[in-house]
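Residue-level structure breakdown
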Amino acid sequence: MEEMQKTVELLSLWDKCVEGASGAAALAGPCLAGNRLNLDVYPDGCCHFLRLLKEQREEVVQVEFLRLSSNDCLIGTTLDSLPQLQHLKSLVLKGGHARDKFGSCQRGSLTSLPQDFGKLKCLTHLDLSFNRLSTLPSSILHLPSLRVLLVSHNSLVALPEDFGCLSKLTFFSAMKNQLTDLPQSIGELSMLQTLDLSENVLQLLPEEIGNLHNCKELVLSGNCLSSIPDSLANLKSLCELHLHSNFLVTVPASLASLPNLSRLDLQNNCLRAVPAEIQALPFVDLHGNPLGKTEPSLQAGESSARGLRKLSCRLRQHRSFPVTSEGCKVVLPCDIHFYFPAGAVSDPLRIHFRVLEPDPQWVKLRHHDVLLSTVLELQPHGVKFQQEVQIWMPFVQPQMLHEHEVVVQTFSGQSWSDLRTRVKEKRGLMMAHCRVLHFSWFLVVGRPVQDECEVPAEGTLLFSSVDPAIKVIFPPGVTEEPRRIKMQVLEVPAEVIDEITANAGCRASPLLCLSQDSLVDFLNPVTIQLPLPPGVTGLNLDQLRLRLLHGDLEGQTWDDITSQVVLKFTHIYVMFQVTHFSWYWLWYTTKTCIEGIAKKVYERLRLYQVNFIALQRKRDPEQVLLQCVPKHKVDPVLERLQNRYQGPEPSDMVEMFEGEQFFAAFERGISIDMDRPDCVDGRLSFIFYSHLKNMKEVYVTSPVNRKGQAVKGQVSFYRGAVPENIPEDASRRRKGADSLWLATLPIKLPQLKSRCDENPGPLCGFSFPPLNLGNAETGYLTQANLLSIARRVGSDWQTIGLNLGLTYQQIERIGHNNRDDLDKQILGMLFSWAQQNSEDPDCVSKLITAMKESGRQDIADEIETIIDLGRQKYSESIRRVGLEQESSTENSAIATM
């Protein structure tokens, strides 16, 4: 007894350790710790096992505790290798590690075990739960040391006749199978202490079960037993006997004489009489039995206002009630209500009912439907009533009821269909009400609200009633024949998105489903408008992180179609065009979260108290970071940047509008490259938004004749354009010249270092001749632009250099000459290429292509943005001097010639 108890405690502790360590183990790789090998927490655990067996055979064959998932596709191959582990004491081959789309545990693939499995002579613990065994593998009967055997949640219909040969078995669980009877040899398990046969279909027990003299716990609940043998009175060691939820009519009085019995559960049986000795036991539970009653399932109530009887089926084991031509009201134990009007049936009829858990194999929900109730089965199936019968089914209220519609579905034997449903609240319960003329299976589901419209040839507009920001624009000529369009919108909670992606930084728009009653694509593109994901605006949007996903109508597969459509952004919306309908979802995969600001993205004119920051990079003080930060975020930003930057304290607080323009100007002998596209009249242009994107990093310069002296200067911030329609009290603060100035922060350029003396070469002091790659009309890159690009290259510089056309010898020479300084390596590569290609008019597009080929789409996008800004500045300057019309005329003349 003590040995068995220690074994069970050891196995329980082992399970808890595995469950607690599963998350960390999944990241750490396979863990072979001493004589324990736990691989069931890995999706490919069997593959790890086979590799370990090959690479660390001496250690693996000494393993005594092994866990594998039988959901693994390589479990069959792995089974053939297990007999090599002759020291194995505990083996777990459980399924249930994977779940299907309805959330039910998927059983493993085991249907048998190899014959040589019986060679594991040391095996004392075997767990084959959640598999597909229909018969107990014969090789198990050849395990002489086996003490604990678990085969629960399988499909066993019988145990082998010689099952009793497992003479050392102390624990056996076969719950949730399909056993109809037991072999007589089960009485030979003289050392058995726990026997769990619950949730089977046992109808009889053999008399030999009374020979289990060491049995302490016998679990027979949830079967079809109408009687139990008197031999159970021989189980003198029995402490607990579970017999609830059977069909027992009587129990032997001799059970009361069991000396160690401390619990006898007889709930929910058909006991009409119980021996006095049993009733006198203080630990017996007899609830749910019709003791002393002949018609316990029905109680006549007072007549209703319509003169109908009210029947209350209070006891769970009674699964029927009568209906006559007079009609009646019925209340089931699970609060399901019926109303049978007078004349619904012409002859007396007995209705049988069952409340079932939904089986995913036949309860087929549509994608994004939510099951809100259990399944109610009413028999006889297909009975035709002469008047409609009303049914009220309680359901669990969805979290967002206004975004879901509640529907009662009925099953015809082949498919589920919807019934016209109303929702009511009765005594604090949400009830779904429907009317039917026949009986079958019924359940309640919730699904996204559906909006519909008919699209004529003239076109139309469809809004979502859940989110008016979502709309579909059908232009004229979109179709020849009118067609019906359906729209569903599903607001997915943030915690669900986190669970799906395992990334707390992901954000997503509402999920949109569009369908039509035509198989023909639209003749003209249809425009869809979706709101941007929470916390993202069109002005702070990083397009590299935004993905438009497209799924089929069942939502089974998703494709990234971002590159296949043209996305147009406003401040809070994105619009795109399609010619056919499906599921659409907008994902923003950034790991940064705007927190509370996401709730205020529509309040564009909100005032914020901000500070300005000017920080100099520690390794290169000529590189200055400028930022405008909301008051409550100053300290976290400084703490995050302190390892790389240093500088003055933040400025005094200033109030700014969301979306307001401001400028930064360097003064007192310090300036920036005037060729920057975002430089306006010698000032850097910013737009303030509270999402921490008010940031620029620039190289500053000082007079050439500084003669090695340190230079002191300052950067001042000035207010620019103020948004329109600002509050009157706020606009008064902005009047006057003084309102333009915001703050001034000092900066200092250190004394020049003699870099040329230490390391002469083309990188000396980062001094390069002026470079303008490309041309002004199509956009160009300046030296300052290249310096900005170089800061983002990092360790990819060699790959980028090769894609730019530099030779291996050039790359190696640059790396060797600057082997202690990554910045110099990057600048050497980039400017070497730039000097060689400065006359090539197509060099900028080559640089963009090289960045994309090197996997640096982010830099490629930055270059394209710089080029676009430069092209815009060029066009504006042409318009300012009045050359645009003349240029167009010249071009026309050239084309004519």
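Conventions used here
- Residues numbered from 1 in each chain as written.
- Predicted model: local features only at pLDDT ≥ 70, side-chain atom pairs only at ≥ 80, totals over all residues.
- Heavy atoms only, no water.
- Axes fitted to C-alpha atoms, helices over the stretch in contact; angles between N-to-C directions.
- Helix = DSSP H or I, 4+ residues; strand = E, 2+ residues; numbered from the N terminus.
- Parallel < 35°, antiparallel > 145°, perpendicular 65-115°, else oblique.
- Left-handed = near helix turned anticlockwise from the far one by under 90°.
- Contact = heavy atoms within 4.5 Å.
- Nonpolar A, V, L, I, M, F, W, Y, C, P; charged D, E, K, R; others polar.
- Phe/Tyr/Trp six-rings, centres within 6.5 Å; stacked < 30°, edge-to-face > 60°.
- Lys NZ or Arg CZ within 6 Å of the ring centre and 35° of its normal.
- Salt bridge = Lys/Arg side-chain N within 4 Å of Asp/Glu carboxyl O.
- Buried < 20%, exposed > 50% of the residue type's maximum accessible area, 1.4 Å probe, protein only.
- Pairing = 2+ DSSP bridges.
- Right-handed = clockwise from strand over helix to strand, strands pointing away.
- pLDDT = per-residue confidence, 0-100.

1. Overview of the packing of helix α12 (residues 808-817) against helix α13 (residues 822-837)
Viewed as axis vectors pointing N to C, α12 and α13 meet at an angle of 140 degrees, and their least axial separation amounts to 9 Å. When the axes of α12 and α13 are compared, the pair comes out oblique. The interaxial crossing formed by α12 with α13 has right-handed handedness. Contacts from Gln810, Ile811, Ile814 and Gly815 in α12 reach Gln825, Gly828, Met829, Ser832 and Gln836 in α13. Partitioning the contact of α12 with α13 into residue classes produces three nonpolar, six polar and no charged.

2. Observations regarding the packing of aromatic side chains
Within this structure, the stated rule accounts for 14 aromatic pairs. Between Phe411 and Trp416 the ring centres are 4.9 Å apart and the planes differ by 35 degrees, which places this aromatic pair in the tilted class. Look at Phe612 and Phe662: their rings are 5.4 Å apart centre to centre, the planes differ by 70 degrees, and that puts the pair in the edge-to-face class. Separated by 50 residues along the polypeptide, Phe612 in strand β40 (residues 607-617) and Phe662 in strand β44 (residues 661-667) bring together distant segments of the chain. Linked through ring pairs, Phe338, Phe340, Phe385, Phe439 and Phe442 together constitute an aromatic cluster. Over the ring of Tyr718 we find Arg683; its NZ or CZ atom is 4.3 Å from the centre of that ring. The aromatic ring of Phe686 is capped on one face by Lys696, whose charged end is 5.2 Å from the ring centroid.

3. Overview of the pattern of salt bridges
All chains considered together, the criterion is met by seven salt bridges. Taking the shortest distance from any N to any O, the salt bridge between Glu452 and Arg484 comes out at 3.3 Å. A residue pair is termed long-range when its members are at least 10 positions apart, and Glu452 in strand β28 (residues 450-455) and Arg484 in strand β31 (residues 483-490) qualify at 32 residues. A residue is classified by how much of its surface remains accessible, and Glu452, at 40% relative accessible area, is partly exposed. The partner of Arg856 in a salt bridge is Asp796, with the nearest N and O atoms 3.0 Å apart. Here Arg856 is found in the loop between α14 (843-853) and α15 (857-881), whereas its partner Asp796 is found in the loop between α10 (783-790) and α11 (797-804), with 60 residues between them in sequence.

4. Some points on α10
For α10, the tally of buried residues reaches eight of eight residues, placing the bulk of the element in the interior. Those residues of α10 not exposed but buried are Gln783, Ala784, Asn785, Leu786, Leu787, Ser788, Ile789 and Ala790.

5. Quick word on the pairing of strand β3 (residues 65-69)
Burial of β3 is extensive: five of the five residues sit out of reach of the surface. What you see with β3 is no split at all: Phe65, Arg67 and Ser69 on one side and Leu66 and Leu68 on the other are buried throughout. Two strands pair when backbone bridges link them, and strand β2 (residues 36-38) and β3 are joined in this way by three bridges, in the parallel orientation. Bridging from a neighbouring strand, Asn38 pairs with Arg67 of β3. Sheet topology note: the β3/strand β4 (residues 90-94) ladder contains five bridges and is parallel. Within the sheet, the bridge partner assigned to Leu68 lies in β4 and is Leu93. The handedness of the β3 to β4 crossover, carried by helix α4 (residues 75-81), is right-handed.

6. Overview of the sheet that holds strand β46 (residues 679-680)
If you walk across this open sheet you meet the five strands as β46-β47-β44-β49-β50, and the pairing is antiparallel. The outermost strands of the open sheet, each flanked by one partner alone, are β46 and β50 (741-749). Of the strand pairs in this sheet, strand β49 (residues 711-719) and β50 are connected by eight bridges, and their pairing is antiparallel. Residue pairing for β50: Ser716 is matched across the bridge by Thr744.

7. Considering the packing of α11 against α14
It is the contact of α11 with α14, at a shortest axis distance of 9 Å, that shows an interaxial angle of 130 degrees. By the criterion of interaxial angle, the relationship of α11 to α14 is oblique. Along this stretch, α11 crosses α14, giving a crossing that reads as right-handed. Where α11 approaches α14, its residues Ile800, Asn803 and Leu804 are matched on the opposing element by Lys846, Leu847, Ala850, Met851 and Glu853. Residue classes in the contact of α11 with α14 are distributed as five nonpolar, one polar and two charged.

8. Some remarks on the sheet that holds strand β37 (residues 568-569)
Reading across from one edge, β29-β30-β34-β38-β37 is the order of the five strands in this open sheet, with antiparallel pairing throughout. Here the strands that pair on one side only, and so sit at the sheet edges, are β29 (460-463) and β37. In the sheet, β29 pairs with strand β30 (residues 471-474) via four bridges, with the strands oriented antiparallel. Each residue of the ladder has a partner; that of Leu461, found in β30, is Ile473.

9. Looking at the confidence of the model for the protein
When pLDDT is averaged along the protein, the result is 76, and 76% of the positions lie at 70 or above. Counted against residues more than four places away or in other chains, residues 883-897, with its pLDDT under 50, gives three contacts.

10. Observations concerning the pairing of strand β21 (residues 375-379)
Along β21, four of the five residues are buried, which leaves the element largely enclosed by surrounding structure. Strand direction decides the pairing type here: strand β19 (residues 349-356) and β21, joined by five bridges, are antiparallel. Residue pairing in the sheet places His352 in a bridge with Gln379 of β21. Strand direction decides the pairing type here: β21 and strand β27 (residues 441-448), joined by two bridges, are antiparallel. In the sheet register, Leu376 faces β27, and the bridge partner there is Phe442.

11. Quick look at unusual backbone geometry
In this structure, Pro380 follows Gln379 across a cis peptide bond, with omega equal to 5 degrees. Tracing the chain through its elements places Pro380 in the loop between β21 and β22 (389-394). At Glu199, a position not held by glycine, the phi torsion is positive, near 60 degrees. Examined against the element boundaries, Glu199 turns out to sit in the loop between β10 (194-196) and β11 (217-219). Note on Glu199: relative accessible area 36%, which makes it partly exposed.

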